[in-house]
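# Examination of the molecular architecture
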Amino acid sequence: MARLAGRRLLFAVPVLLVVTFGVFAIAAASPFDPVKAYAGTAALGADAETLERLRDNLGVDRPFTVRWWDWLTSALGGDLGQSSVLRQGVAQVVGERLVWSSLLCATAFVVAVLTGTALGVLAARRPGSALDRAVTSLAYALEAAPVFWLALLTIWLFALQLDVLPAGGLTDTASERVTAGQVTSHLVLPAGVLAVSQLPWFALYVRQGVGDALAEDPVRGARARGLSERTVLLGHALRSGLLPVLTLIGSRVPELITGALLVESVFSWPGIAAATVEAATAVDFPLLAALTTLATAAVLLGNLLADLLYGLFDPRVRFREL
């Protein structure tokens, strides 16, 4: 296990270097002007000389390779630089927003895995039944539904029509402090939408995996020994059928991050989505590179976690073969 983790970490180093270099290269080719984004409305009345001095102070005229190398060497020393658009240190920007994005993603992921597993087991128990067809049809329908459409639909239904849940934000409008009750009520809709966007994959994978396991000889042997259907389903078929889901966990991380960005934007959730959008439109090199590196690291860790779980739960797999 340690050897596998070490190999993956060594592989992650060149990947992160290429990703950060690509971010600076793409940002340098962007049509957005970082000077005008930094100056805001003041840039409309500023003369060319003032803008040129500001451009020189920000260092945006330097080759992107130089800016990338300066950022990389500073980041390795613990300094992620300053965000020109948010006027804060990059580490502070990420730290303030990462906790809320992590809360949203973790809650949605747990709900999606548990609910998808339950629906998949129920559907696989009686293939071809009305419940199986209903679960499968619902999964395919949700799989095709855009995340932002689901978000807008839930706001219209639960916030505007029924008025049972807040439409967005982290706390109530008149609140002066963040409380657990307010965060929980404001988390329901965005976490629910993000969970629903991931749920179909787990439901379909579990349905297929458990259905295949129920037709295998060990499960038939368990039934022949007189074990109860509950024991056969949960103790034998489910354990074997969940193995493909472990691989799915790592592959869903990129879409989970993408979906979280859309959900945060629609619900005005104070995560890293707003910072990512502002960093991209303002060509904020340090902040954009830090956020992209963070997302890439999350994807790599997700894949590593999936491989580790697969090796732990499947005795046929050896870590040195991964």
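Heads up: the structure comes first, above all this text.
The following refers to the structure shown. Note that the coordinates shown come from a computational prediction; the quantities given were computed from them, not determined experimentally. (Residues numbered from 1 in each chain as written. Predicted model: local features only at pLDDT ≥ 70, side-chain atom pairs only at ≥ 80, totals over all residues. Heavy atoms only, no water.)

### Things to note about the environment of Ala213
Using the following cut-off: Only DSSP runs of H or I with at least four residues qualify as helices, and only runs of E with at least two residues qualify as strands; both kinds are numbered from the N terminus onward. For each residue, the accessible area found with a 1.4 Å probe, counting protein chains only, is set against the maximum for its type, and the residue is called buried under 20%, exposed over 50%, and partly exposed in between.
Mapping Ala213 onto the fold places it in helix H9 (residues 180–214). You can call Ala213 buried: its relative accessible area is 1%. In this structure the C-alpha to C-alpha distance between Ala213 and Gly241, which are 28 residues apart in sequence, comes to 5.9 Å.

### Section: the pattern of salt bridges
What counts here: Salt bridges are defined as contacts in which a side-chain nitrogen from Lys or Arg sits within 4 Å of a carboxyl oxygen from Asp or Glu.
One pass over the structure, following the stated rule, counts two salt bridges. For Arg97, the salt bridge identified is with Glu96, shortest N-O distance 3.6 Å. Classification of Arg97 by relative accessible area gives buried; the value is 19%. Here Asp132 makes a salt bridge to Arg207, at a shortest N to O gap of 2.6 Å. In this pair, Asp132 is assigned in helix H7 (residues 130–144) and Arg207 in helix H9, connecting sequence segments 75 residues apart. Asp132 sits in the buried class, given a relative accessible area of 3%.

### Description of a nonpolar patch on the surface
For clarity, the threshold we go by: In this analysis, a patch consists of residues with relative accessible area above 30% that form no salt bridge, clustered at 9 Å for like charges and at 5 Å for the nonpolar side chains Val, Leu, Ile, Met, Phe, Trp and Tyr. Methods summary: accessible areas were calculated by the Shrake-Rupley approach with a probe of 1.4 Å, and residue burial reflects only the protein chains presented.
Residues Phe148, Trp149, Leu152, Leu153, Trp156, Leu157, Leu160, Leu162 and Val164 make up a contiguous nonpolar surface patch of roughly 910 Å² in combined accessible area. By the secondary structure assignment, Trp149 is in helix H8 (residues 147–161).

### Regarding the side chain of Thr154
Selection rule: The term polar contact refers here to a pair of N or O atoms within 3.5 Å; inside protein, the definition further demands a hydrogen-donor-capable atom paired with an acceptor-capable atom, and it admits residues adjacent in sequence only when both atoms are side-chain atoms. In what follows, residue pairs with any heavy atoms lying within 4.5 Å of each other are defined as contacts.
Positionally, Thr154 belongs in helix H8. With a relative accessible area of 16%, Thr154 lands in the buried category. Of note is the side chain of Thr154, whose polar atom sits 2.7 Å from the backbone oxygen of Ala151. Ignoring any residue separated from it by four or fewer positions in sequence, one finds Thr154 in contact with Ala159, Leu189, Val193 and Phe267.

### Some remarks on H7
We apply this condition: Any helix carries an expected span of 1.5 Å times its number of residues minus one. This arc is built from the directions going out from the helix axis to the C-beta atoms.
Taking 1.5 Å of rise per residue, the 15 residues of H7 would be expected to cover 21 Å, and the 21 Å separating its terminal C-alpha atoms lies within 8% of that figure. Restricting attention to buried positions, one finds in H7 the residues Asp132, Val135, Thr136, Ala139 and Leu142. Summarising the axial view, the buried residues of H7 lie within an arc of 135 degrees, below the 170-degree limit, and thus occupy one face. Turned more than 90 degrees away from the buried face of H7 sit Ala130, Arg133 and Ala144, all of them exposed. Among the structural elements, helix H6 (90–125) and H9 are those in contact with the buried residues of H7.

### Some points on the packing of aromatic side chains
To keep it simple, the criterion reads: Stacked, tilted and edge-to-face pairs are distinguished by plane angle, under 30 degrees for stacked and over 60 for edge-to-face with tilted covering the rest, among Phe, Tyr and Trp rings (Trp via its six-membered ring) whose centres lie within 6.5 Å.
Taken as a whole, this structure holds six aromatic pairs when the rule is applied. Ring centres of Trp68 and Trp69 lie 6.2 Å apart, and the angle between their planes is 55 degrees; on these two criteria the pair is classed as tilted. Judged by centre distance (6.4 Å) and plane angle (90 degrees), the ring pair of Trp100 and Trp269 falls under edge-to-face. With Trp100 in helix H6 and Trp269 in the loop between helix H13 (253–267) and helix H14 (272–281), this residue pair connects regions lying 169 residues apart in the sequence.

### Remarks on helix H5 (residues 64–76)
The terminal C-alpha atoms of H5, which comprises 13 residues, lie 18 Å apart, in line with the 18 Å expected from a rise of 1.5 Å per residue. Arg67, Trp68, Trp71 and Leu72 are the residues of H5 that are buried. The buried residues of H5 occupy an angular sector of 130 degrees when the element is viewed end-on, so they sit on one face.

### Description of the packing of H7 against H9
The angle between the axes and the distance between the axes are what describe a pair of packed helices. Here is the rule: Only the stretch in contact is used when fitting a helix axis, every axis being a line fitted to C-alpha atoms; angles between N-to-C directions are given from 0 to 180 degrees. What sets the label is the angle itself: under 35 degrees gives roughly parallel, over 145 gives roughly antiparallel, 65 to 115 gives roughly perpendicular, and the rest give oblique. Helix crossings are classified by the rotation of the near helix relative to the far one: an anticlockwise turn of less than a right angle makes the crossing left-handed, while a clockwise turn makes it right-handed.
It is the contact of H7 with H9, at a shortest axis distance of 8 Å, that shows an interaxial angle of 140 degrees. With respect to their mutual orientation, H7 and H9 come out oblique. Relative to H9, H7 is oriented so that their crossing is left-handed. Along the contact surface, H7 presents Asp132, Thr136, Ala139, Tyr140, Leu142 and Glu143, while H9 presents Val196, Pro200, Trp201, Leu204 and Arg207.

### Digging into the packing of H9 against helix H12 (residues 243–251)
What counts is decided by this rule: Only Asp, Glu, Lys and Arg are considered charged in this grouping, and only Ala, Val, Leu, Ile, Met, Phe, Trp, Tyr, Cys and Pro are considered nonpolar; every other residue, Gly among them, is considered polar.
In the contact formed by H9 and H12, the axes pass within 9 Å of each other and the chain directions differ by 155 degrees. Taken together, the axis directions place H9 and H12 in an arrangement best described as roughly antiparallel. The chirality of how H9 crosses H12 is right-handed. Packed against H9, whose contacting residues are Trp201, Phe202, Tyr205 and Val206, the element H12 presents Pro244, Val245, Leu248 and Ile249 at the interface. Here the residues of the contact of H9 with H12 are counted per class, giving eight nonpolar, no polar and no charged.

### Observations concerning the nonpolar core
Quick reminder of the rule: We call a set of buried Ala, Val, Leu, Ile, Met, Phe, Trp, Tyr and Cys residues a nonpolar core when their side-chain atoms join them within 4.5 Å.
Counting residues in hydrophobic clusters, the biggest one holds 40 residues, and the most contacted among them are Leu104, Val193, Leu194, Phe202, Val210, Val263 and Phe267. With 12 residues, H9 is the largest single contributor of residues to this core.

### Observations concerning unusual backbone geometry
Phi at Asp163 is positive, roughly 55 degrees, even though this residue is not glycine. Topologically, Asp163 is positioned in the loop between H8 and H9. For Asp163, a relative accessible area of 59% gives the class exposed. Here the phi dihedral of Ser268 falls at roughly 55 degrees; this positive angle occurs in a residue that is not glycine. With respect to the helices, strands and loops of the structure, Ser268 is situated in the loop between H13 and H14.

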